[in-house]
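Below are the chains, spelled out letter by letter.
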Amino acid sequence: MAETLKIFKIGGAILDEPAQLSRFVAALAQVPGPRLLVHGGGRGASQMLMQLGLEPQLVQGRRITDAATLDIVTMFYAGKTNKQLVAGLQAAGANALGLSGADGNAIRALRRPVGAIDYGFVGDLPADAVNTGLLELLLRADVLPVLCAITHDGHGQLLNTNADTIASAVAVALAARRAVELHFCFEKDGVLADVNDNNSVIERLTAAEYAQLKAAGAVAAGMVPKLDNAFAALEAGVERVVIENALRINEPVKTVLCRS
Ligand SMILES: Nc1ncnc2c1ncn2[C@@H]1O[C@H](COP(=O)(O)OP(=O)(O)O)[C@@H](O)[C@H]1O
Ligand SMILES: CC(=O)N[C@@H](CCC(=O)OP(=O)(O)O)C(=O)O
């Protein structure tokens, strides 16, 4: 039986803080066994878009991605952010390999159909989106795959896909082959009962408790799609799903999702 795979997803403010990011990268390189990293970078992308005179547009945490936006986020996620993470992991002793979804057909997406909102070049992930054979090959060669938020449609079109969604889809797909843990890492210590109090971490969270917190407004904004993805992964066979601080992955403080 293959060893448990630990998938880490990093997003949030930490990606924009070089000193903090290098702490996370050093800790990740020390994690024993097979590992895989998925990264976002939405905040930095919005800053870059504004510097270039474009207005970032997000609806419920999902970016409306017109052609000019797609060009810039591709450069930012698949270029600068992905390659900096790979270089940092290499320096920390992990043999990282950066991939967009187009590389090795790692993740094939479907362009989101136009409904009430036209999201533009945004990709959704069908059940067979993830090339598990390729990722297994890399993991067995002791390579640490680093996946960014850019996918492709198999017909030459790049697409922008939410990084939490990619992390969940990769975790669920690989869970059919081996035990998988999924770690959502960001700048807070976990899911907080009071978003302004980092000491209010909810250590164990069920889907029913999450529904109550959401209804009460205690869990909001980007945490809602994150937890929707996280519970979906737990239901679909991922062994352990954790929400934690990217700077404290080796410490016990975190939120662990529970089936009941
Ligand atoms: N109850 C909560 N606990 C923790 N974070 C919360 C909560 N409610 C809302 N949030 C917000 O959700 C954000 C995380 O979502 P998001 O910014 O999308 O993260 P990422 O960029 O890491 O994917 C946090 O920075 C925080 O401001
Ligand atoms: C379609 C869509 O919304 N894509 C995201 C991809 C990056 C991301 O998910 O970044 P974080 O994990 O840092 O939020 C975006 O462009 O913001």
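Residues numbered from 1 in each chain as written. Chains lettered and ligands numbered in written order. Predicted model: local features only at pLDDT ≥ 70, side-chain atom pairs only at ≥ 80, totals over all residues. Heavy atoms only, no water.

1. A closer look at the sheet that holds strand β2 (residues 35-39)
- Strands sit in the order β5-β8-β2-β1-β11-β13-β14-β12 across an open sheet of eight strands; the sheet is mixed. The two strands at the open ends of the sheet, each matched to only one other strand, are β5 (96-99) and β12 (204-206). Neighbour-to-neighbour, the strand axes of this sheet turn through a mean angle of 20°, independent of strand direction.
- Strand direction decides the pairing type here: strand β11 (residues 180-186) and strand β13 (residues 240-245), joined by six bridges, are parallel. The residue bridging F186 from the neighbouring strand is N245, located in β13.
- Contacting β12 and β14 (255-258), helix α6 (residues 207-216) crosses the sheet at an angle of about 85° to β12. (Pairing = 2+ DSSP bridges. Helix = DSSP H or I, 4+ residues; strand = E, 2+ residues; numbered from the N terminus. Axes fitted to C-alpha atoms, helices over the stretch in contact; angles between N-to-C directions. Contact = heavy atoms within 4.5 Å.)

2. Things to note about the packing of helix α5 (residues 163-175) against helix α7 (residues 223-235)
- Packing of α5 against α7 brings their axes to within 9 Å, and their N-to-C directions diverge by 5°. Relative to α7, α5 is oriented roughly parallel. On the side of α5, the interface is formed by D164, T165, S168 and V172, while α7 contributes K226, N229, A230 and A233.
- Looking at the contact of α5 with α7 residue by residue, the classes come out as three nonpolar, three polar and two charged. (Parallel < 35°, antiparallel > 145°, perpendicular 65-115°, else oblique. Nonpolar A, V, L, I, M, F, W, Y, C, P; charged D, E, K, R; others polar.)

3. Considering the site of ligand 2
- Looking at ligand 2, there are 16 residues lining it, with K9, G41, R63, Y77 and A163 nearest.
- Backbone polar atom of G41 to an oxygen atom of ligand 2: 2.9 Å apart, as the coordinates give it.
- Between ligand 2 and Y77 there is a distance of 2.7 Å, counted from an oxygen atom to a side-chain nitrogen or oxygen.
- Here ligand 2 loses 90% of its free accessible area of 430 Å² to cover by the protein chains. (Near = heavy atom within 4 Å. Polar contact = N/O pair within 3.5 Å; in protein donor to acceptor, adjacent residues only side chain to side chain. Areas by Shrake-Rupley, 256 points an atom, 1.4 Å probe, with all protein chains shown as cover.)

4. Comments concerning the UniProt feature "binding site: substrate" (unreviewed entry) in the protein
- When the UniProt feature table is mapped onto this chain, "binding site: substrate" (unreviewed entry) is found at G41, G42, R63 and N160. A maximum C-alpha distance of 11.8 Å places the annotated residues, which cover 120 residues in sequence, within one compact spot.
- Sequence-distant contacts of G41, that is, excluding residues within four places in its chain, are made with L15, F76 and Y77. (UniProt positions renumbered as here; feature names shortened; annotations may be inferred.)

5. A short note on α7
- End to end, α7 covers 18 Å across 13 residues, agreeing with the expected 18 Å (1.5 Å per residue, within 8%).
- All of the buried residues along α7 are M223, V224, P225, K226, L227, N229, A230, F231, A233 and L234. (Expected span 1.5 Å × (residues − 1). Buried < 20%, exposed > 50% of the residue type's maximum accessible area, 1.4 Å probe, protein only.)

6. Structural notes on α5
- When the terminal C-alpha atoms of α5 are compared, their 18 Å separation across 13 residues agrees well with the 18 Å that a helix rising 1.5 Å per residue should span.
- By the criterion of burial, α5 is predominantly enclosed, with ten of the 13 residues buried.
- Here α5 has its buried residues at A163, D164, I166, A167, S168, V170, A171, A173, L174 and A175.
- The N-terminus of α5 is capped by N162, whose side-chain oxygen sits 2.9 Å from the backbone nitrogen of D164.

7. Some details on the packing of aromatic side chains
- Applying the stated criterion to the full structure yields two aromatic pairs.
- For the pair F76 and Y77, a centre-to-centre distance of 6.0 Å together with 65° between the ring planes defines the contact as edge-to-face. Accessibility assignment for this pair places F76 and Y77 in one class, buried.
- Ring centres of Y210 and F231 lie 5.5 Å apart, and the angle between their planes is 15°; this geometry places the pair in the stacked category. (Phe/Tyr/Trp six-rings, centres within 6.5 Å; stacked < 30°, edge-to-face > 60°.)

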